[in-house]
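Structural overview for review
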Amino acid sequence: MIRRRSTPWIHKWSRPLIAAIAGSGALTTGYLTIEKLTGGSAACVAQAGVKGCNDVLSSPWATVLGQPLALFGFLAYTSMVIFALSPLVFSSGDNNNSRKQLENWTWLLLLAGAIAMSVFSGYLMYLLAFQIKAVCPYCIGSAFFSVSLLVLTIIGRTWEDIGQIFFTAIIVGMVTLIGTLGIYAGVNQSDVTSGTPGQPVKIFFTPKQDPNPAFGWEITTTSGEAEIALARHLVKIGAKEYTAYWCPHCHEQKLLFGKQAYQELNDNVKVECAEDGLKAKPELCKAAKIEGFPTWIVNGKSYSGVQNLEELAKVSGYTGAQNFKFFK
């Protein structure tokens, strides 16, 4: 009597496990996408002197083809969920050939997707450690998800041709790496990007040196009359900006105002939350329940993250000139 060989448990549960991990990745990247598109700040514990998740989300590497990088991550994870579950959902009936064909194709797609995501995540980990120099649990978690998907895809079935795995890994890995380097080839460390003469200029900031506790980083942009007028208006209505000298987001807000206009925002407006900062008032930040920097409180309402000056003008009731020079 010949006993039928039992199916390893990992082969039975590999697709549900892949779907669960990819679903977790989709929820994480979906949340980050919403925060990025709405100008909010991701929930992340900030530590003094250490850049965190929001610094990563505001870096030039966090935007690809004009869209948040997290959006592409969300689409990738969602695709992996579909590939993992489709044979379980759409292969009902007695047509074993169709089911087997769908399983084979989706395994190949899962393998290619997991390899591409792992290679891309590896490059992002390099950026996180050596370029942005930040600690981002969301990013590290996403990299862990990607590698886990790759491991489960490899051990989750019996691959008849092991060479197929290596061949796919080489081809997909090379294409992913070359594409990634091409996408980020134009990213530099400038504070201001070039723009059309007479039009607002887009800014981004990647720190090149440690901040000075007295003022953070030097403001390199020059204000126009509109920026100065808005700053004076914010002082007049009693607006508050809660900041930390080591926060790159806060410096981006300064760049939007420009040096002259930001000097108009006196100490009644600017509240330094870092305990080792100049004129620090951490007790006021705790009382206001500030969770991220910068946070504006204008006319009794709170606005988290870097605010374009058009938005500050709108929420503050400013009606003067709005030909602002910079935008985020």
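As a reminder, the structure under discussion sits directly above these lines.
Overview of the structure.

Cut-offs and rules
- Residues numbered from 1 in each chain as written.
- Predicted model: local features only at pLDDT ≥ 70, side-chain atom pairs only at ≥ 80, totals over all residues.
- Heavy atoms only, no water.
- Helix = DSSP H or I, 4+ residues; strand = E, 2+ residues; numbered from the N terminus.
- Buried < 20%, exposed > 50% of the residue type's maximum accessible area, 1.4 Å probe, protein only.
- Contact = heavy atoms within 4.5 Å.
- Areas by Shrake-Rupley, 256 points an atom, 1.4 Å probe, with all protein chains shown as cover.
- Lys, Arg positive; Asp, Glu negative; His and termini not counted.
- Charge placed at Lys NZ, Arg CZ, Asp CG, Glu CD.
- Salt bridge = Lys/Arg side-chain N within 4 Å of Asp/Glu carboxyl O.
- Axes fitted to C-alpha atoms, helices over the stretch in contact; angles between N-to-C directions.
- Parallel < 35°, antiparallel > 145°, perpendicular 65-115°, else oblique.
- Left-handed = near helix turned anticlockwise from the far one by under 90°.
- Nonpolar A, V, L, I, M, F, W, Y, C, P; charged D, E, K, R; others polar.
- Phe/Tyr/Trp six-rings, centres within 6.5 Å; stacked < 30°, edge-to-face > 60°.
- Pairing = 2+ DSSP bridges.
- Disulfide = S-S within 2.5 Å.
- 1 Å grid on protein atoms, 1.4 Å probe; cavity = no way out; pocket = protein on both sides within 12 Å on 5 of 7 lines; lining within 4 Å.
- Points joined across faces, edges and corners; volume = space filled by probe spheres on them.

Quick look at the overall build of the protein chain
Scanning the protein chain from terminus to terminus reveals 11 helices and 8 strands. Taken along its principal axes, the extent of the C-alpha atoms in the protein chain is 90 × 45 × 35 Å. Looking at the protein chain residue by residue over its 328 residues, the buried ones come to 44%. Relative to all contacts within the protein chain whose residues are 6 or more apart in sequence, the contacts with residues 24 or more apart total 75%. Surface exposure of the protein chain reaches about 17,900 Å², of which carbon and sulfur atoms provide 60%. One way to put it: in the protein chain the 27 positive side-chain charges average out to a point 7 Å from where the 22 negative ones average out.

Some points on the pattern of salt bridges
Here the structure, examined in full by the defined rule, presents 3 salt bridges. For Arg99, the salt bridge goes to Glu103, with nearest N and O atoms at 3.4 Å. Here Glu103 and Arg99 lie together in helix H4 (residues 96-132), a separation of 4 residues that amounts to about one turn. By relative accessible area, Arg99 is classed as partly exposed at 29%. As a salt-bridge pair, Glu264 and Arg232 come within 3.3 Å of each other at their nearest N and O atoms. Here Arg232 lies in helix H7 (residues 225-236) and Glu264 lies in helix H9 (residues 259-264), a separation of 32 residues in the sequence.

A short note on the packing of helix H1 (residues 9-38) against helix H5 (residues 137-155)
Across the interface, H1 lies against H5 with an axial gap of 9 Å and an inter-helix angle of 160 degrees. Considered as vectors, H1 and H5 are oriented roughly antiparallel to each other. H5 is crossed by H1, and the crossing has left-handed handedness. Where H1 abuts H5, its residues Ile10, His11, Ser14, Leu17, Ile18, Ile21, Ala22, Ser24, Gly25, Thr28, Tyr31 and Leu32 lie against Tyr138, Phe145, Ser148, Leu149, Leu152, Thr153 and Ile155. Each residue belonging to the contact of H1 with H5 can be placed in one class, and the counts come to 12 nonpolar, 7 polar and no charged.

What about the packing of aromatic side chains?
Applying the stated criterion across every chain yields a total of 11 aromatic pairs. Note on Tyr126 and Phe130: the rings are 5.6 Å apart at their centroids and 35 degrees apart in plane angle, and the pair reads as tilted. With Tyr126 and Phe130 both in helix H4, this residue pair falls 4 residues apart, about one helical turn. Overall, the relative accessible area of 38% leaves Tyr126 in the partly exposed class. For Phe130, a relative accessible area of 56% corresponds to the exposed category. Residues Phe144 and Phe145 carry aromatic rings whose centres are separated by 6.5 Å and whose planes lie at 55 degrees to one another, so their mutual orientation is tilted.

What about the packing of H1 against H4?
As a packed pair, H1 and H4 sit with axes 13 Å apart at the nearest point and diverge in direction by 45 degrees. In this view, H1 runs oblique relative to H4, as classed from their interaxial angle. Both H1 and H4 take part in a crossing whose hand is left-handed. Between H1 and H4, the residues in contact are Ser14, Arg15 and Ile18 and Glu103, Thr106, Trp107 and Leu110, respectively. Looking at the contact of H1 with H4, its residues break down into 3 nonpolar, 2 polar and 2 charged.

Regarding the sheet that holds strand E6 (residues 295-298)
What the 4 strands build is an open sheet, ordered E5-E4-E6-E7; its pairing is mixed. At either end of the open sheet lies a strand with only one pairing partner, and these are strand E5 (270-272) and strand E7 (301-304). Each strand of the sheet is rotated relative to its neighbour by a mean of 20 degrees, with strand direction disregarded. Relative to E6, strand E4 (residues 240-243) runs antiparallel, the two sharing 3 bridges. Bridged to Glu241 within E6 is Trp296.

Some words on the state of the cysteines
In total, this model carries 1 disulfide according to the counting rule given. Across the disulfide from Cys273 sits Cys285; the S-S distance is 2.0 Å. An S-S torsion of about -90 degrees defines the bridge between Cys273 and Cys285 as left-handed. Here Cys273 is found in the loop between E5 and helix H10 (282-287), whereas its partner Cys285 is found in helix H10, with 12 residues between them in sequence. Neither residue differs from the other here; Cys273 and Cys285 are each classed as buried.

Some points on empty space enclosed by the protein
Applying the stated criterion across every chain yields a total of 2 cavities of 30 Å³ or more. One number sums up the size of the second largest cavity: a volume of about 60 Å³. Contributing to the lining of the second largest cavity are Lys51, Asp55, Ser58, Ser59, Trp61, Ile132, Phe205, Thr206, Pro207 and Pro248.

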